[in-house]
Amino acid sequence: MTNPRAGKSNVQSGHEDPPKLPIRWAVILLAAGFTAYLGHRYAGPIQAGTAAIAVTTLLHTILP
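Residues numbered from 1 in each chain as written. Predicted model: local features only at pLDDT ≥ 70, side-chain atom pairs only at ≥ 80, totals over all residues. Heavy atoms only, no water.

Caption draft 1: Representation of helix H1 (residues 23–42) within the structure. The end-to-end C-alpha distance of H1 is 28 Å, a good match for the 28 Å that 20 residues give at a rise of 1.5 Å each. Contact partners of the buried residues in H1: helix H2 (45–62). (Helix = DSSP H or I, 4+ residues; strand = E, 2+ residues; numbered from the N terminus. Expected span 1.5 Å × (residues − 1). Contact = heavy atoms within 4.5 Å.)

Caption draft 2: Summary view of a nonpolar patch on the surface. Together, Phe34, Tyr37, Leu38 and Tyr42 line one region of the surface with nonpolar side chains, adding up to about 480 Å² of accessible area. Within the element layout of this structure, Leu38 appears in helix H1. When its relative accessible area of 32% is taken as the criterion, Leu38 is described as partly exposed. (Patch = residues over 30% accessible without salt bridge, like charges linked within 9 Å, V, L, I, M, F, W, Y side chains within 5 Å. Areas by Shrake-Rupley, 256 points an atom, 1.4 Å probe, with all protein chains shown as cover. Salt bridge = Lys/Arg side-chain N within 4 Å of Asp/Glu carboxyl O. Buried < 20%, exposed > 50% of the residue type's maximum accessible area, 1.4 Å probe, protein only.)

Caption draft 3: View of H2. Between the first and last C-alpha of H2 there are 26 Å, a value that for 18 residues agrees with the 26 Å anticipated at 1.5 Å per step. Looking at H2, one finds that the buried residues are Ala48, Ala52 and Leu59. The arc that holds every buried residue of H2, seen down its axis, measures 40 degrees, which confines them to one face. Those residues of H2 that are exposed and aimed more than 90 degrees away from the buried face are Ile46, Thr50, Ile53 and Thr61. (Arc of directions from axis to C-beta.)

Dropping the structure here:
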């Protein structure tokens, strides 16, 4: 069965690309995780969470 607008088959090929995480998000998540790890190791859980939120917010504003 074909879609007249697309001109292609509606049958799924069985292979779909997985959703890709943008590089920007990967950098932010890695930095936040590392900050949370260091904060929890050297300060405490409250400070670790606060620092991770701060780093995430900072990187969201800086990175394009």
